[in-house]
Amino acid sequence: MGAVKTKRMPRAVRERQMLDAAVRIFGQRGYMAASMDEIAELAGVSKPLVYLYLNSKEDLFTACIRREAAALTAAVRAGAAPGLPADRQLWDGLRAFFAHTAEHPDGWSVLHLQARTHGEPFAAEIAAMRAELVAFVTRLIAVAARDAHQDPDLPEHEVAGLAEALVGAAESLAAWANATPGITARQAATTLMNFAWSGLGTLLAGRNWTPPPEEP
């Protein structure tokens, strides 16, 4: 075990140390395999202090999810400057998304892998994060529809479905990019823009793909 620090420091600083350590351990070892002893040792504090600050392993994991989710959504929103065309905002937001997930692989593991596989209340925290990202993308698609020279009124359910599909693709692509050496945030964002936004542009221009007739 590492030496326990005895020097007093502000609670916020100490708690940040604990969360940093917890994100690293949860992200690399998984929720079930992670131990409070490991987290305390990495943070340089005693295990009782971790419990004093964050109550339980479940509460600690929830705090990690909330912090990492807030950081990711803030990065995306900060990356997409308002006032720009919708495609440029999405491009900037995607680059920020892929850059953040690459720079914080343990945090992304907590959000994308760990929190999804251990039931409530963790899944609810992820659902809230996704809802915010989907709302952001939905707004951009609606703006693009209004700006299109064709009929700007895409059905609401269609806009929401497109946003859900794009966010899901971004999540999967981030997992692939993080596991594939040499893939940059710019490359990942370009791939998704070519895959999704180009197709969306065709839709907005009225050139919809239609499925073949159903067999009788």
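In this report, the structure presented in the accompanying data block is examined. (Residues numbered from 1 in each chain as written. Predicted model: local features only at pLDDT ≥ 70, side-chain atom pairs only at ≥ 80, totals over all residues. Heavy atoms only, no water.)

Concerning the layout of surface pockets
Approximately 190 Å³ is the volume attributed to the largest pocket. Leu 162, Ala 165, Leu 166, Phe 195 and Ala 196 are, among the 10 residues lining the largest pocket, the residues nearest its centre. Elements that contribute at least two residues to the lining of the largest pocket include exactly helix H8 (156–179) and helix H9 (185–204). Ranked by residue count, the leading element in the lining of the largest pocket is H9, at 5 residues. Residue composition of the lining of the largest pocket, grouped by class: 9 nonpolar, 1 polar and no charged. (1 Å grid on protein atoms, 1.4 Å probe; cavity = no way out; pocket = protein on both sides within 12 Å on 5 of 7 lines; lining within 4 Å. Points joined across faces, edges and corners; volume = space filled by probe spheres on them. Helix = DSSP H or I, 4+ residues; strand = E, 2+ residues; numbered from the N terminus. Nonpolar A, V, L, I, M, F, W, Y, C, P; charged D, E, K, R; others polar.)

A closer look at the nonpolar core
Phe 26, Leu 60, Leu 94, Phe 97 and Phe 98 are the most contacted members of the largest nonpolar core, which totals 61 residues. Sequence-distant contacts of Phe 26, defined by excluding residues within four places in its chain, comprise Tyr 31, Ala 34, Ile 39, Lys 57, Leu 60, Phe 61, Cys 64, Val 110 and Gln 114. (Core = buried A, V, L, I, M, F, W, Y, C linked by side-chain atoms within 4.5 Å. Buried < 20%, exposed > 50% of the residue type's maximum accessible area, 1.4 Å probe, protein only. Contact = heavy atoms within 4.5 Å.)

Focus: empty space enclosed by the protein
Applying the stated rule across the entire model yields 1 cavity of 30 Å³ or more. Size it by volume and the largest cavity reaches roughly 110 Å³. Lining the largest cavity are Val 76, Leu 90, Gly 93, Leu 94, Phe 97, Leu 133, Phe 136, Val 137, Leu 166, Val 167, Ala 170 and Glu 171. Broken down by secondary-structure element, the contributors of at least two residues to the lining of the largest cavity are helix H5 (86–103), helix H7 (122–147) and H8.

Brief notes about the side chain of Glu 171
When you line up the elements, Glu 171 lands in helix H8. Given the relative accessible area of 6%, Glu 171 is considered buried. Residues within four places of Glu 171 in sequence aside, it is in contact with Phe 97, Trp 108, His 112, Arg 116 and Arg 130.

Section: the packing of aromatic side chains
For any pair of aromatic rings, the description consists of the separation of the ring centres together with the inter-plane angle of the planes. Within this structure, the stated rule accounts for 7 aromatic pairs. Ring centres of Phe 97 and Phe 98 lie 5.3 Å apart, and the angle between their planes is 80°; on these two criteria the pair is classed as edge-to-face. Here Phe 98 falls in the buried class, since its relative accessible area comes to 3%. Grouping aromatic residues by their ring pairs yields a cluster made of Phe 26, Tyr 31, Phe 61 and Phe 122. Just above the ring of Tyr 53 sits the side chain of Arg 11; from NZ or CZ to the centre is 4.2 Å. For Lys 57, the ring lying beneath its charged end belongs to Tyr 31, and the centroid distance is 4.9 Å. (Phe/Tyr/Trp six-rings, centres within 6.5 Å; stacked < 30°, edge-to-face > 60°. Lys NZ or Arg CZ within 6 Å of the ring centre and 35° of its normal.)

Section: the pattern of salt bridges
Close approach of charged atoms allows side chains with opposite charge to pair. In the structure shown here, the tally under the stated rule is 11 salt bridges. In this structure, Glu 125 engages Arg 66 in a salt bridge whose closest nitrogen and oxygen atoms are separated by 2.9 Å. In this pair, Glu 125 is assigned in helix H7 and Arg 66 in helix H4 (residues 57–79), connecting sequence segments 59 residues apart. A salt bridge links Arg 88 to Asp 92; the nearest nitrogen and oxygen atoms lie 2.9 Å apart. Taken together, the positions of Arg 88 and Asp 92, both in helix H5 and 4 residues apart, correspond to about one turn of that helix. With relative accessibility at 8%, the residue Asp 92 sits in the buried group. Here the salt bridges do not stand alone but share partners, grouping Asp 20, Arg 67 and Glu 68 into one network. (Salt bridge = Lys/Arg side-chain N within 4 Å of Asp/Glu carboxyl O.)

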